[in-house]
Amino acid sequence: MKRDDGATMRSDDTGLLAREPGERTYLTEGTTLRSWLLSTDHKRIAILYAVSITMFFFIGGAAATVIRLELFTPKGDLVTADTYNRLFTLHGVIMVWFFLVPSIPATLGNFLLPLMIGAKDVAFPRLNLMSWYLYVIAGCFTLAALLLGGVDTGWTFYTPFSTLYSNSYVLLAAFGIFVVGFSSIATGINFIATVHLLRTKGMTWMRLPLFCWSMYATSLVMVLATPVLAMAMVLICAERLLGLPIFDPRAGGDPLLFQHLFWFYSHPAVYIMILPAMGVVSEIIACEARRRVFGYQFMVYAMLVIAVIGFLVWGHHMFVSGQSPFASMIFSFLSFVIAVPSAIKVFNWTGTLYRGTIRFSAPMLYALGFVGLFTLGGLTGLFLASIPVDVHLSDTYFVVAHFHYIMVGGSVSAFFGGLHFWWPKITGRLYSETFARSAALWLFFGFNFTFFPQFILGYLGMPRRYHEYPPEFQVWNVMSSTGAVVLAVGYLMPLFYLGYSLFYGERAPDNPHQATGLEWTTTSPPPKHNFLVFPVVRTEAYAYHDWDEAPGKADETMQDERA
Amino acid sequence: MAEDRPPDARTIVLKPLLVWAALFGLGAISLGYALVPGAPLKPLLSLAIVLVQASLVLGAFMKLGKASALVRMTALIGVVWLSFLFLMAFADLATR
Amino acid sequence: MSVAPPTPMLVEPFEQADRQHEAMVFGLWLFLATEILFFGGFFFLYAVARLQDPGGFAVGGHKANLLLGTINTVLLMSSSATLTVAERAIKAEWRRAARVAIVATLILGTAFLAVKGFEYHEDLSEHLFPTVPGFPFTAVGAIRFWSFYWLITLIHAVHLTIGLAFVARLLWLDRLGTLGPRWMVAEVTTLYWHLVDIVWLLLWPLLYLIGR
């Protein structure tokens, strides 16, 4: 968003590169395009990623817009069934692999992880830059598939349709996904090595901010799940390109094996998308409630348990596929088990709010929205994890609503929250709090307006992935499409007021939220090597008040409360 | 990492050669057994030999024995996670 | 002769050699863990298919070229040994020995690919590709065996080619004279090479020894 403009603006009091005499930040270290494209500075790579994922977000959003327009009326009058297939495939592929997976880790994570642990950079800065280039190359392949005419398999690429029957650009898209997988593996390896080896003096494991823990858990999932997806995509390419009958039932192949491989990645990928959001929200809630995070250690263990058990539940996507009922029962049970750590987290966020001095700032509104929407998304996930209910709801709009509550209501809200929370640190500018708060509210109402009716549609039995439907479903679809307009406004607003703040926003102080955490001890924006003097950590994270003191102003009557 | 004694021809050339000879010998056993007509449990034996060969490469060539706990855990973690795939997917296939 | 390896070249963001060494080895092992899972996805499919039709697999496997496969196994084993010699010689600053060992590794690796190419040629002349006319088998196990054979040997060859590029880079660093201080690069290169070797050690019985 800001890179292109930043390079041309030079002024002493306004504009992105405005600075006090002698002040040097990572933004002023070279202003040529080359200095950005070849930079190994984790902060600049974060910006490169932010610009690219924003672009892909709007491409994916455009496809969603056409989908919602088509569903405004029961008849398939806007696009053909085939085009509709290509639209929702495009929407899914772009949003999952080119927006949600890299969204928080590659932007906020890249920017903040080294800052939060007091490091100069990530462990392998050149690998970090390479990961962005892989992302761009993969994006080109996927965009090429789209421009040539699209893919009609759905984002899941189920065989045998994708290998034997589909007459669309499956190869290009599968190759793009294969490559973007390596981009997230590179990010994951970098983050894990960074957290292990580059923590500053005194930054013990149990003093790590929860955002760092969330990045660590996410990276584990990225590193251990993505290669299996890569193999699945290679197998699809081999079957399409070379004709090797890997999954072809006529040659003894079993299409369900593809589904096993695919979901071995793609279910954990859900946690790649939601764990970072949990980290962001923990930071915001603690700061804006002026409270230590309730049950810090449980928050850490909950994230690690989610990361591990997340690998053992994939079969709940296959209840109606012909999978053995015994396996379904095990997968169902484990899916219920993974709800426990998620519930612990929701409970602890609420516990953190309790008796806090809450500021309803824009990041906090996004974070609170996250907690509510994530809870709803998570609970409807339990419906789908129980086999008898899932047999009824599978492949209906109930599923669509469920995962949009987790991914859009959850992840995207948290991403926006984090973007606002750290915006002053990243850009050195303050945005308009009034606009930001109203955007948060628009987003929340628009989101529910769009997706709550889809729960009802699914319950009534409307299947997903159809471009026309019986007229009795129209009222809910109209509601959903209208809500999408409100949601779109909520998405577009930040583009304007955040963009405005880059040039005309007030200069941000180093710690505008009075937050704890090492990233707030350096300047806004940070210098090239993050800290002028390398910090030493002497306290736990979130020292917003003494252990024997209530948050905010210490009050004698509240001292019985220990955080 | 820094070895304690000075490296000499023994550690540099002789030890890898010995390991190579062991790998070669194990491979020969595997091949010989596979060529015996009607011998029982051929796949099991050959896989067991691969396990020994892999441990030799991991231990002697990749120095896993001298590596830090962190690195050894990392070497293990891929195999553990792979076992998740086999365990859960075979739970489906075996009871279908 | 020095006791410790040469003073290493430090790369941002590291300030201590032992930290950088730990990070590089750890980072590469993380990558090897992803490789294990990548190949693991294939081995899973192989296991399922073989358990479902062991007879057909054996019939198909009988046609695999045992001689060439075994030659390749020996070549790759030897290349692992020579690369280990190279790595240790680099740390001991025996430049000449290191160079010879690296070149030997490159020759062995290239020979592997050449033999592989020759083997592919033989296979194709016997119509051993599941989609070509004249493919000699009808049993599903045999068809699946040959699908897996082509798929995994190709993937392995790609890995080996990448490995060759990295080993050739060591030779280039040696020419620049920086290989001594960058012995960590040599160390992680060998780690990757050995994993590709281990994968082949496992493929050899799975592809060539079955059905004998």
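As a reminder, the structure under discussion sits directly above these lines.
Residues numbered from 1 in each chain as written. Chains lettered and ligands numbered in written order. Predicted model: local features only at pLDDT ≥ 70, side-chain atom pairs only at ≥ 80, totals over all residues. Heavy atoms only, no water.

Q: Whenever I open this one, the overall build of chain A confuses me. Can you help?
A: Helix and strand content of chain A: 16 helices and zero strands. What you see for chain A is a C-alpha radius of gyration of 23 Å, in line with the 24 Å of a compact globule of 563 residues. By residue count, 63% of the 563 residues in chain A fall in the buried class. Across chain A, the fraction of contacts at a sequence separation of at least 24, relative to all contacts at a separation of at least 6, is 82%. With an accessible surface of roughly 20200 Å², chain A has 68% of that area assigned to carbon and sulfur atoms. (Helix = DSSP H or I, 4+ residues; strand = E, 2+ residues; numbered from the N terminus. Rg over C-alpha atoms; globule rule 2.2 N^0.38 Å. Buried < 20%, exposed > 50% of the residue type's maximum accessible area, 1.4 Å probe, protein only. Contact = heavy atoms within 4.5 Å. Areas by Shrake-Rupley, 256 points an atom, 1.4 Å probe, with all protein chains shown as cover.)

Q: What is the right way to read the interface of chain C and chain A from this model?
A: Reports of interface size often rely on the accessible area that becomes lost once the parts have come together. On the chain A side, the residues contacting the 35 residues of chain C number 38 residues. As a salt-bridge pair, E15 of chain C and K120 of chain A come within 3.2 Å of each other at their nearest N and O atoms. Across the chain C-chain A interface, the total number found is five residue pairs in polar contact (both at pLDDT 80 or more). Tallying contributions element by element places helix α1 (residues 17-52) of chain C first for the side of chain C that touches chain A, with 18 residues. Of the residues contributing to the side of chain C that touches chain A, the split by class is 23 nonpolar, six polar and six charged. (Salt bridge = Lys/Arg side-chain N within 4 Å of Asp/Glu carboxyl O. Polar contact = N/O pair within 3.5 Å; in protein donor to acceptor, adjacent residues only side chain to side chain. Nonpolar A, V, L, I, M, F, W, Y, C, P; charged D, E, K, R; others polar.)

Q: Mind showing me how you'd approach the interface of chain C and chain B here?
A: Each partner contributes residues to the interface: chain C has 53 residues there, and chain B has 51 residues. The junction of chain C with chain B conceals about 4200 Å² of combined surface from both sides, 79% of it contributed by carbon and sulfur atoms. In terms of surface lost to chain B, no three residues of chain C exceed W29, F44 and R88 of chain C, which account for 16% of the buried area on that side. Taken together, the connections running from chain C to chain B amount to two salt bridges. The salt bridge partner of E187 of chain C is K63 of chain B, with a shortest N-O separation of 3.8 Å. On inspection of chain C and its partner chain B, the count reaches six residue pairs in polar contact (both at pLDDT 80 or more). Mapped onto the side of chain C that touches chain B, the elements with two or more residues apiece are α1, α3 (66-91) and α6 (183-209) of chain C. Per-element accounting of the side of chain C that touches chain B gives the leading share, 19 residues, to α1 of chain C. (Buried area = accessible area lost by both parts, 1.4 Å probe.)

Q: What is the right way to read unusual backbone geometry from this model?
A: Comment: phi is negative for the bulk of residues other than glycine, and the bulk of peptide bonds are trans. Here the amide bond leading from T159 of chain A into P160 of chain A is cis, since omega sits at 0°, within 30 degrees of zero. Locating P160 of chain A in the fold gives a position in the loop between α5 (125-148) and α6 (161-165). Residue P525 of chain A is reached from S524 of chain A by a cis peptide bond, and omega for that bond is -15°. Phi angles above zero are rare outside glycine, and Q514 of chain A is one such case at about 50°. Of note, the phi angle at L41 of chain B is positive, near 55°, even though the residue is not glycine. By the secondary structure assignment, L41 of chain B is in the loop between α1 (9-35) and α2 (42-61). Judged by its relative accessible area of 61%, L41 of chain B falls in the exposed class.

Q: I keep staring at the side chain of D123 of chain C and nothing clicks. Help me out?
A: Position of D123 of chain C among the secondary structure elements: in helix α4 (residues 95-125). With residues up to four places along the chain from it excluded, the contact list for D123 of chain C reads L128, W146, Y149 and W150 of chain C.

Q: Quick question: what am I supposed to make of the environment of Q259 of chain A here?
A: All names here are of chain A. Among the structural elements, Q259 can be located in helix α9 (residues 255-288). Among the residues examined, Q259 registers a relative accessible area of 8% and is labelled buried. The sequence separation of Q259 and T159 amounts to 100 residues, and the corresponding C-alpha distance is 8.1 Å. The residues contacting Q259, other than those within four sequence positions of it, are Y158, M318 and S321.

Q: I keep staring at the side chain of S411 of chain A and nothing clicks. Help me out?
A: Residues and elements named next belong to chain A. Here S411 lies in helix α14 (residues 397-427). Classification of S411 as buried rests on a relative accessible area of 2%. Dropping the residues within four chain positions of it, S411 is found in contact with L100, I104, M273, I274, A277, F370 and I406.

Q: Mind showing me how you'd approach the pattern of salt bridges here?
A: Side chains carrying opposite charge are able to pair once their charged atoms draw close together. Overall, the coordinates contain 19 salt bridges over all chains when judged by the stated rule. One salt bridge connects R464 of chain A with D395 of chain A, and the closest N-O pair in it is separated by 3.9 Å. With R464 of chain A in the loop between α15 (433-460) and α16 (474-504) and D395 of chain A in the loop between α13 (387-393) and α14, the pair connects residues that are 69 residues apart, well separated along the chain. For D395 of chain A, a relative accessible area of 45% corresponds to the partly exposed category. The closest approach of N and O atoms between K116 of chain C and E119 of chain C, which form a salt bridge, is 3.1 Å. Note that K116 of chain C and E119 of chain C are positioned in helix α4 at a spacing of three residues, about one turn of the helix. By relative accessible area, which is 2% here, K116 of chain C ends up buried. Residue classification places E119 of chain C among the buried positions, given a relative accessible area of 0%. Three or more residues are tied together by salt bridges with common partners; here these are K63 of chain B together with E87, K91 and E187 of chain C.

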